[in-house]
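Listed below are the residues making up each chain.
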Amino acid sequence: GGAGEEGTVSNAGFLDSRPYATDERSRKAFLTSLTAFYERMKLAPLKIPVLQNKELDIFVLYNEVVSKGGFEAVVREKRWRSISDTLNLPRTCTNATFLLRSHYSKILYHYECCQRRDEAITADEAAARVAVICPAKDDKQALQHQHQQQHHHHQQQQ
């Protein structure tokens with residue numbers, strides 16, 4: 001008799017290297033913590049975005065981004081494509097990287113800041129940082145000027 005493969009998952013390839021992805025206890029703890037964060041910060045209730053007709057896996061998204069050094073690093077090093085592959089988003093979803101970045105910045109970046117740096121920044125401060133990290137107007141230009149790594153200008157726009 002051959003050794004039967006136990007618990008094969010359709011996308012086992014990536015899940016093998018990411019044991020957290022199938023760990024329901026960590027997933028539950030993450031969602032509990034995130035929901036509590038939203039309540040503590042008096043934010044609008046957490047809404048899970050839908051991509052390609054299924055709920056975005058914000059647990060995997062958050063873990064992937066943090067494991068790559070956090071939102072700022074992922075934006076700087078343009079690592080969204082590999083994250084979108086990890087989440088099994090089809091390549092046909094051409095704006096997947098833009099959507100992931102935008103969802104992460106709206107839903108998870110504030111949480112990441114408070115988790116990692118133990119600093120309780122407000123939602124407005126988090127949004128202001130996002131605007132510095134990836135200004136909306138840079139999206140088109142970023143493609144043309146990938147080699148010009150400019151330092152961020154921290155203008156106070158209040």
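Given the structure is predicted, the values throughout are model-derived calculations rather than measurements. (Residues numbered from 1 in each chain as written. Predicted model: local features only at pLDDT ≥ 70, side-chain atom pairs only at ≥ 80, totals over all residues. Heavy atoms only, no water.)

1. Brief notes about the packing of aromatic side chains
Moving on, step 1. Taken as a whole and assessed by the stated rule, the structure comprises 11 aromatic pairs.
Moving on, step 2. The interplanar angle of 75° and the centroid separation of 6.2 Å between the aromatic rings of F37 and Y38 together place this pair among those described as edge-to-face. Residue F37 shares its accessibility class with Y38, and that shared class is buried.
Moving on, step 3. When the ring of F71 is compared with that of Y109, the centres are 5.0 Å apart and the planes differ by 50°; the resulting orientation is tilted. Of this pair, F71 sits in helix 4 (residues 71-77) while Y109 sits in helix 7 (residues 109-117), placing them 38 residues apart in sequence.
Moving on, step 4. The structure contains a cluster of three or more aromatic residues connected by ring pairs, namely F30, F37, Y38, F59, Y62, F71, W80, Y104, Y109 and Y111. (Phe/Tyr/Trp six-rings, centres within 6.5 Å; stacked < 30°, edge-to-face > 60°. Buried < 20%, exposed > 50% of the residue type's maximum accessible area, 1.4 Å probe, protein only. Helix = DSSP H or I, 4+ residues; strand = E, 2+ residues; numbered from the N terminus.)

2. Remarks on the packing of helix 2 (residues 24-40) against helix 3 (residues 58-67)
Moving on, step 1. Packing of helix 2 against helix 3 leaves a shortest axis separation of 10 Å and a crossing angle of 90°. Taken together, the axes of helix 2 and helix 3 lie roughly perpendicular to each other. For the pair formed by helix 2 and helix 3, the contact residues are S26, R27, F30, L31 and L34 on the first element and I58, F59, V60 and Y62 on the second. (Axes fitted to C-alpha atoms, helices over the stretch in contact; angles between N-to-C directions. Parallel < 35°, antiparallel > 145°, perpendicular 65-115°, else oblique. Contact = heavy atoms within 4.5 Å.)

Read these as spatial facts, not as claims about activity.
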